[in-house]
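Overview (structure and organization)
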Amino acid sequence: MRKMIIVTTAVLALSFPLTVLAMDHSGHSMDHKAAAAHEEVVDGVKATFTVQTMADAMKGMKMDMPKGMKETHHVSVAFKDAKTGKALPEGAVTVKVQNPDKSTQTKELMGMQGHFGADFELSKKGKYGIMCKFLLKDGKTRQAKFWYAVK
Ligand SMILES: [Cu+2]
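Residues numbered from 1 in each chain as written. Predicted model: local features only at pLDDT ≥ 70, side-chain atom pairs only at ≥ 80, totals over all residues.

Attention now goes to the nonpolar core. In this structure, V77, V95 and C132 are the most contacted members of the largest nonpolar core, which totals 24 residues. Of all the elements in the fold, those that place two or more residues in this core are β2 (45-53), β3 (73-81), β4 (91-98), β5 (104-112), β6 (115-120) and β7 (126-136). The element that contributes the greatest number of residues to this core is β7, accounting for five residues. The residues contacting V95, other than those within four sequence positions of it, are V75, K107, L109, A118, I130, M131 and C132. (Core = buried A, V, L, I, M, F, W, Y, C linked by C-beta atoms within 7 Å. Buried ≥ 20, exposed ≤ 12 C-beta atoms within 10 Å, placed from the backbone. Helix = DSSP H or I, 4+ residues; strand = E, 2+ residues; numbered from the N terminus. Contact = placed C-beta atoms within 7 Å.)

Quick look at the structure:
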């Protein structure tokens, strides 16, 4: 199934979706082995992000690069209880990327076997601001953000 692009003009803070889309994730059973791009403890939850090129992400999934794909990077995040280390696999996760030219892309991340992921177009060199908003089962909405440089 083609990925769904959530087009939203509203600011992320006001448009946090409460639903998790049911998608076909067969074949996406990988763990992203890439080094964490960012790790942050937010209000008792440890969020670990990875950013991989699509080529690397596809290799990890043993899948071929889909033709004509404009997305260049796979962004994923996994959550754990910071105290117990217990995985927190359920929730609704949105990532907003601020491009080097200040335009933005926003996507709802899909739940994929313990982590959440989506593909973004980071095709220009420069600094991307990656902002993540996540609502986990405890009913709290948390945020994390970091910079990712494309060289
Ligand atoms: Cu993934």
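From this point, the narrative continues.
Attention now goes to the confidence of the model for the chain. Looking at the chain, pLDDT values average 83 and 79% of them are 70 or higher. Per-residue pLDDT stays below 50 along residues 3-27; that stretch engages in 34 contacts with residues further than four places along the chain or on separate chains. (pLDDT = per-residue confidence, 0-100.)

This brings us to the pairing of β5. Two strands pair when backbone bridges link them, and β4 and β5 are joined in this way by six bridges, in the antiparallel orientation. In the strand pairing of β5, V97 is matched with Q105. Linking two consecutive strands that pair antiparallel, namely β4 and β5, is a turn of five residues; a positive phi of about 80° is found at K102 within it. Across three bridges, β5 lies against β6 in antiparallel orientation. Following the sheet pairing, G111 is matched in β6 by F116. (Pairing = 2+ DSSP bridges.)

This part takes up the environment of K145. Positionally, K145 belongs in strand β8 (residues 141-150). Residues K145 and G129, spaced 16 residues apart in sequence, show a C-alpha to C-alpha distance of 7.2 Å. Those residues within four positions of K145 in sequence are excluded, and the remaining contacts are G129, I130, M131 and C132.

In space, the eight strands of this open sheet follow the order β1-β2-β3-β6-β5-β4-β7-β8, with antiparallel pairing throughout. Only two strands of the sheet have a single neighbouring strand rather than two, namely β1 (38-42) and β8. Across this sheet, the average inter-strand angle for adjacent strands is 25°, counted without regard to direction. Across nine bridges, the pairing between β2 and β3 is antiparallel. The partner of T50 across the bridge, within β3, is S76. (Axes fitted to C-alpha atoms, helices over the stretch in contact; angles between N-to-C directions.)

Comment: phi is negative for the bulk of residues other than glycine, and the bulk of peptide bonds are trans. For D43, which is not glycine, the phi dihedral falls at a positive 50°. In this fold, D43 is placed in the loop between β1 and β2. One non-glycine residue with positive phi stands out, namely Q113, at about 40°.

β3 sits mainly inside the fold: seven of its nine residues count as buried. Sheet topology note: the β3/β6 ladder contains five bridges and is antiparallel. Residue pairing across strands places S76 opposite G117, the latter belonging to β6.

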